[in-house]
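# Chains, contacts and geometry: an overview
Listed here are the chains, written in short residue letters.
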Amino acid sequence: MSTLDWIVIAAFAVVLIGIIVWVFRQKEETSGDYFLAGRGATWVAIGASIFASNIGSEHLIGLAGAGASSGMAMAHWEIQGWMILILGWVFVPFYSRSMVTTMPEFLERRYNKESRTILSMISLISYVLTKVAVTVYAGGLVFKEVFGIETMWGIDFFWISAIGLVLITAIYTVIGGMKSVLYTSVLQTPILLLGSVIIVVLGLRALGGWDEMMRITSAVQINEYGDTMTNLIRSNRDADFPWLGVLIGSSVIGFWYWCTDQYIVQRVLSGKNETQARRGTIFGAYLKLTPVFLFMIPGMIAFALAKKGVVINGEVFSLTSSDAAFPTLVAKLLPAGVKGLVVSGILAALMSSLASLFNSSAMLFTIDFYKKYKPEASEKKLLTVGRIATVVVVVLGILWIPIMRSVGSVLYEYLQDVQSVLSPGIAAAFLLGILWTKATPKAGMWGMIVGFIIGVIRIGSKVMYTGLAKSAGYADVKLWAAEQGVNNWFYTLFYDVNWLFFSGGMLVFSLLVIVVVSQFTKQAEASQIQGLTFASITTEQKAASRASWNRWDIIHTVIILGITTVFYIYFW
């Protein structure tokens, strides 16, 4: 890092501090102001916040690492602008007219109080154990690699950078709430996009162009069925990414994440009205088309540079691991000043992602737990509790990092694996909740409970069998099972079945639970679900939703779907 790089980073920090101070001076009177920026956000702020909140360390390390190791396999999760369109066109009208502040609150309106508590609990557990810890862990690795510092003051630089990142982010989130997240996202998003574009351009120039990257990566087979790194659709016999499993599993996870998860939907709930909320999702969908090219392609470029043995600044380009792809490109490829800009972009992504997590977690606890049991609490008290909850989430996330460090090279896989078993039950409850008026309160509740229990068993069995195999001296669990004669139904179902097919099966099972339980339990009163299902929408509500969009919204939606189709055809 040169002096110019540090000057650029310092300039970014000054602008960031200026925004935080400005937000702090805009007095927040209510918890709605703190958590939802007073419901006054425009489509630009909403779309930028959706994108910036989504792009975290799992992209900077994990996605680029996936590109360097298996090519286009994980691109299905990143070309999901179409899923954000479902949020905007299908779910935004229901969320807007219900005037809820959290997703658990929506489920309470649709089902019952128990459903609200269950979703809040699952969401908080998933935030602390996956998103907070994964983002902080990966963030520490990024800065250790970019700065090239092993220790500082006798302490592993990983811990200094990781905890420092958490503390800085927590301070601006606690002080500014949702407004600080929204406004800094507007600053951070273009910096991150520009920095990544520079990486792609310089990387391709050093390699010899796009065709050279495609030539090198398409020559690398990743399974025995003839699929290469550039194939998006792979043989259905592929052990990790069978095409049918990928299409099913990525859609289940995507639906849960983009349409029902508090972490993302909170950006939309802060919209000024239905029009701004929907256009925010359309803008966010455009931005979501870029991560494959900004983070996965750089991983493939890094792989090709190392494979070809390209000399950069007098040194042969090499990778210590697949996960080191993006930070290595930053460290080796970028000139002074530009490197500082890209590091600022990385810092921006980490902070935005963490800030959104902290704010959403605090909101879930405050609105769905504290206010539920202390309904008489003043707005000032709710703000205080929200800030305390943020601090607690930060501490829990840091305490979980030592356990997360043990996953190392399978960070992104771990994250998707956990989400694949936590999402189906929730997705089923929301999907039938708006599609089927006859879905009863108890049915929605039991659909989530059963889905959560199955998910916990799946995660627990993976930990158990991995531990048993390692204790027996095996690195490969399936090899251990074959040689030790482990072939019972529990092992087959809860460990051996491909994780993507398992996720799809969980969704079907959760849907069946809701349908069956609905046959034997009492339906909700018509007044309770009025406007919350397609069948219960009034003529006035339909007219209001129709007035919230015009032909340009349709045109942009078609363009996004067209780009997605072309992408699939090109990398088929």
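Parameters at a glance
Residues numbered from 1 in each chain as written. Predicted model: local features only at pLDDT ≥ 70, side-chain atom pairs only at ≥ 80, totals over all residues. Heavy atoms only, no water. Buried < 20%, exposed > 50% of the residue type's maximum accessible area, 1.4 Å probe, protein only. Helix = DSSP H or I, 4+ residues; strand = E, 2+ residues; numbered from the N terminus. Phe/Tyr/Trp six-rings, centres within 6.5 Å; stacked < 30°, edge-to-face > 60°. pLDDT = per-residue confidence, 0-100. Axes fitted to C-alpha atoms, helices over the stretch in contact; angles between N-to-C directions. Parallel < 35°, antiparallel > 145°, perpendicular 65-115°, else oblique. Contact = heavy atoms within 4.5 Å. Nonpolar A, V, L, I, M, F, W, Y, C, P; charged D, E, K, R; others polar. Left-handed = near helix turned anticlockwise from the far one by under 90°. Salt bridge = Lys/Arg side-chain N within 4 Å of Asp/Glu carboxyl O.

### A word on helix H15 (residues 325-333)
Here H15 lies mainly inside the structure; seven of its nine residues are buried. Listed as buried for H15 are Ala325, Phe326, Pro327, Thr328, Leu329, Val330 and Leu333.

### A word on the packing of aromatic side chains
Applying the stated rule across the entire model yields 25 aromatic pairs. With a centroid separation of 6.4 Å and an interplanar angle of 65°, the aromatic rings of Trp210 and Phe571 are classed as edge-to-face. Separated by 361 residues along the polypeptide, Trp210 in helix H10 (residues 210-218) and Phe571 in the segment after helix H25 (551-570) bring together distant segments of the chain. Residue Phe571 is classed as buried on the basis of its relative accessible area of 4%. Ring centres 5.1 Å apart and planes at 85° place the aromatic pair Tyr465 and Tyr491 in the edge-to-face group.

### Notes on the confidence of the model for the chain
Model confidence for the chain is summarised by a mean pLDDT of 82, while 90% of its residues fall at 70 or above. Per-element mean pLDDT across the chain ranges from 50 in helix H2 (residues 31-36) up to 95 in helix H22 (residues 499-520).

### A closer look at the packing of H10 against helix H14 (residues 291-308)
The N-to-C vectors of H10 and H14 enclose an angle of 75°; their axes lie 9 Å apart at closest approach. In this view, H10 runs roughly perpendicular relative to H14, as classed from their interaxial angle. Here H10 contributes Trp210, Glu212, Met213, Ile216 and Thr217 to the contact with H14, which in turn contributes Ile297, Met300, Ile301, Phe303, Ala304, Lys307 and Lys308. Split into classes, the residues belonging to the contact of H10 with H14 amount to eight nonpolar, one polar and three charged.

### Some remarks on the packing of helix H19 (residues 441-471) against H22
Direction vectors running N to C along H19 and H22 enclose 150°, while the axes themselves pass 8 Å from each other. Considering their axes alone, H19 and H22 lie roughly antiparallel with respect to each other. Note on packing geometry: the crossing formed by H19 with H22 is right-handed. The residues of H22 that touch H19, namely those facing Lys442, Ala443, Gly444, Trp446, Gly447, Val450, Gly451, Ile454, Gly455 and Arg458, are Trp499, Phe502, Met506, Phe509, Ser510, Val513, Ile514, Val517 and Ser518.

### Description of the pattern of salt bridges
Applying the stated criterion to the full structure yields nine salt bridges. Its salt-bridge partner being Glu212, residue Lys308 comes within 3.2 Å of it at the nearest N-O pair. Of this pair, Lys308 sits in helix H14 while Glu212 sits in helix H10, and the two are 96 residues apart along the sequence. Taking the relative accessible area as the measure of exposure, Glu212 reaches 16% and is therefore buried. The shortest N-O distance in the salt bridge between Arg279 and Asp553 comes to 2.9 Å. Of the two residues, Arg279 sits in helix H13 (residues 274-288) while Asp553 sits in helix H25, which places them 274 residues apart along the sequence. The exposure class of Arg279 is partly exposed, given its relative accessible area of 26%. Several salt bridges share partner residues, and in doing so they unite Glu212, Arg215 and Lys308 into one network.

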